[in-house]
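One-letter residues, chain by chain:
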Amino acid sequence: MNNRYEYAKEIYSKIGIDTEAVLKKLADVSISLHCWQGDDVTGFDSREALSGGIQTTGNYPGKATTPQELMDDLDKAFSYMPGKKKLNLHASYAIFEDGEFADRDALEPKHFKKWVEFAKERNMGIDFNPTFFSHAMVKDNLTLSSPDENVRSFWVRHGIACIKIAEYFASETGVPCVINFWIPDGYKDIPADRYAPRARFKKSLDEILSVPYDKSKVYVTLESKVFGIGLESYTVGSAEFCLSYSDYKGITPLMDNGHYHPTEVVSDKIPSLLLFNEKIALHVTRAVRWDSDHVVTFDDETKEIAKEIVRCDALDRVFIALDYFDASINRIAAWVIGTRNLRKALLFAMLLPHYELRKAQDEADFTKLLALNEEYKLYPFADVWHEFCNREGVIADESWLDEIKEYENDVLLKR
Ligand code: RNT
Ligand code: ZN
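Values in this document were obtained by computation on a predicted structure and should not be read as measured data. (Residues numbered from 1 in each chain as written. Chains lettered and ligands numbered in written order. Predicted model: local features only at pLDDT ≥ 70, side-chain atom pairs only at ≥ 80, totals over all residues. Heavy atoms only, no water.)

Chemist: Summarise the coordination of the zinc ion (ligand 2); cite the residues concerned and give the values.
Modeler: Of the protein atoms, only E223 (OE), D256 (OD), H283 (ND1) and D323 (OD) coordinate the zinc ion (ligand 2), at distances of 2.1 to 2.2 Å. Classification of the site at the zinc ion (ligand 2) rests on its six donor atoms, whose angles at the metal span 71 to 171 degrees, yielding the label octahedral. When the donor residues of the zinc ion (ligand 2) are listed from N- to C-terminus, their spacing reads E-x32-D-x26-H-x39-D. One end of the pair, E223, is in strand β6 (residues 218-223); the other, D323, is in the loop between β10 (318-322) and α10 (331-350), and 100 residues separate them in sequence. Residue classification places E223 among the buried residues on the basis of a relative accessible area of 5%. With relative accessibility at 8%, the residue D323 sits in the buried group. (Donors = N, O, S within 2.8 Å, 3.2 Å for Na, K, Ca; no water. Tetrahedral: all angles 85-135°; square planar, octahedral: opposite > 155°, others 65-115°. Helix = DSSP H or I, 4+ residues; strand = E, 2+ residues; numbered from the N terminus. Buried < 20%, exposed > 50% of the residue type's maximum accessible area, 1.4 Å probe, protein only.)

Encoded structure:
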């Protein structure tokens, strides 16, 4: 086993890569795991079906239906993920005890106490998301941009409540909390007015952000989108709106790589945003033909996203989270596969001699650039990955799946 790594270490050192330094750096990159893959974005507070123009498809057995089940499944998933992790929660995952209930606009830190305990025991930070969907107060597919003042103000109160909860997460865990605002608002068909909904969205965000919060503890991010299911013609929180708003308010833009036209790539957008923002945030997903939220694979765009983060030397400036939901396969395996693939992509990026490749570009030696890029794909990257997993005490090869299958039989199928 070790020989494989020693051999790889030598090969990489010949192109100027110190694999020991890479292994250390890789372990320290935090990936935020989205709790909502565990139960098909259902949550614990809603009596409503999933709405907001997003969809999970499939009916694989054994999904988590209680906080304890979701926590158990998360633990199982974490045990196959090498490297630093964070837990990403949605407001709809509030845990109510003793028959108590609070609506979204009245949520309090105490409704997330159990999650804080969970995170603290595992030495993790928590990220957060207000939930502007799957709720009766989403009227005509609108929330913060609604012309109905009752609706709009309800969701403003929700946003304010969530920032307080984010602050609580950061104070309790000692790790800053990224709170991401994404609203589904939009229209199925051609609107008569594209301006007023955006003006109301702006006003709502202004109101939410006018409540003071500790900027060293809470990073507010704003996620744009191109369209949703049933909302194909107009999206209030478009790319231009969200980028401009983030800039105007000094908050952090978030790009989900499922939220652009099919030939646009987020990898190309990363350096532009890094030039103008102290921090940026990502939702890494895999879009198949549309914003389908398939499990992240070790594909070219995931690698390219990782390369941009690494070669822009921006590992400490990019908040990296996952966002996908597949209900057609084992949900724990879905978490594990996507997270390992994103980590592999980061490793792959760290094992490239960026100095040499950049030099070829600057010298206009594009033959060399292409040739090297292709040859480096066959370098013994897998052996470094194995070593990384071994050092992290995590199964390195595909045998993790046998254990998840066992858990499926013993636990999931009995639910
Ligand atoms: C929807 C956005 C958003 C959601 C989560 C559940 O298109 O990507 O991030 O997926 O908030
Ligand atoms: Zn997203």
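Chemist: Break down the site of ligand 1 for me, citing the residues and quoting the values.
Modeler: The immediate surroundings of ligand 1 are formed by W36, I54, H90, W182, E223, K225, D256, H259, H283, D291, D323 and F325. Between E223 and ligand 1, the recorded distance is 2.7 Å, taken from a side-chain N or O atom to an oxygen atom. Here an oxygen atom of ligand 1 and a side-chain polar atom of H283 are 3.2 Å apart. Look at ligand 1: alone it shows 310 Å² of surface, and the protein chains cover 99% of it. (Near = heavy atom within 4 Å. Polar contact = N/O pair within 3.5 Å; in protein donor to acceptor, adjacent residues only side chain to side chain. Areas by Shrake-Rupley, 256 points an atom, 1.4 Å probe, with all protein chains shown as cover.)

Chemist: Can you break down the nonpolar core residue by residue, with the values?
Modeler: With 125 residues, the main nonpolar core has W115, F128 and F169 as its most contacted residues. Each residue touching F169, except ones within four places of it in the same chain, is listed here: L89, F112, V116, I126, F128, G174, V175 and C177. (Core = buried A, V, L, I, M, F, W, Y, C linked by side-chain atoms within 4.5 Å. Contact = heavy atoms within 4.5 Å.)

Chemist: Outline the packing of aromatic side chains, listing residues and values.
Modeler: Across all of its chains, the model carries 23 aromatic pairs by this definition. For the ring pair F132 and F181, a centre distance of 6.0 Å and an interplane angle of 40 degrees mean the geometry is tilted. Separated by 49 residues along the polypeptide, F132 in the loop between β3 (125-129) and α5 (149-173) and F181 in strand β4 (residues 177-181) bring together distant segments of the chain. Note on accessibility: F132 and F181 belong to one class, buried. Clustering of aromatic rings is evident, with ring pairs tying together F112, F128, Y168 and F169. The lysine or arginine in question, K215, covers the ring of Y213, its NZ or CZ lying 5.2 Å from the ring centre. Stacked on the ring of F348, the Lys or Arg K303 has its end atom at 5.1 Å from the ring centre. (Phe/Tyr/Trp six-rings, centres within 6.5 Å; stacked < 30°, edge-to-face > 60°. Lys NZ or Arg CZ within 6 Å of the ring centre and 35° of its normal.)

Chemist: Any chance you could break down the pairing of strand β8 (residues 252-256) for me, citing the residues and the numbers?
Modeler: Where burial is concerned, most of β8 is hidden: five out of the five residues are buried. Here β8 shows no split at all, with T252, L254 and D256 on one side and P253 and M255 on the other all buried. Inspection of the sheet shows β6 paired to β8 by three bridges, in the parallel sense. Along β8, the bridge assignment pairs L222 with P253. (Pairing = 2+ DSSP bridges.)

Chemist: For helix α4 (residues 113-121), give the residues involved together with the corresponding values.
Modeler: Each α-helix winds once per 3.6 residues, and so residues spaced three or four apart point in a common direction. Listed in full, the buried residues belonging to α4 are W115, V116, F118 and A119. The buried residues of α4 all sit within an arc of 160 degrees when viewed along its axis, so they share a single face. Where α4 is buried, its residues touch α3 (67-78), β2 (85-90), β3 and α5. Phi for N123, located one or two positions after α4, is positive at around 60 degrees. (Arc of directions from axis to C-beta.)

Chemist: Break down unusual backbone geometry for me, citing the residues and quoting the values.
Modeler: Although it is not a glycine, N141 sits at a positive phi angle of roughly 65 degrees. With respect to the helices, strands and loops of the structure, N141 is situated in the loop between β3 and α5.

Chemist: I'd love a proper account of the pattern of salt bridges, names of residues and values included.
Modeler: Applying the stated rule across the entire model yields 28 salt bridges. Between R122 and D75 there is a salt bridge, with its nearest N and O atoms 2.6 Å apart. On the criterion of sequence distance, the pair formed by R122 in the loop between α4 and β3 and D75 in helix α3 is long-range, its members being 47 residues apart. Counted as one network, the salt bridges with shared partners bring together E304, K307, E308 and R311. (Salt bridge = Lys/Arg side-chain N within 4 Å of Asp/Glu carboxyl O.)

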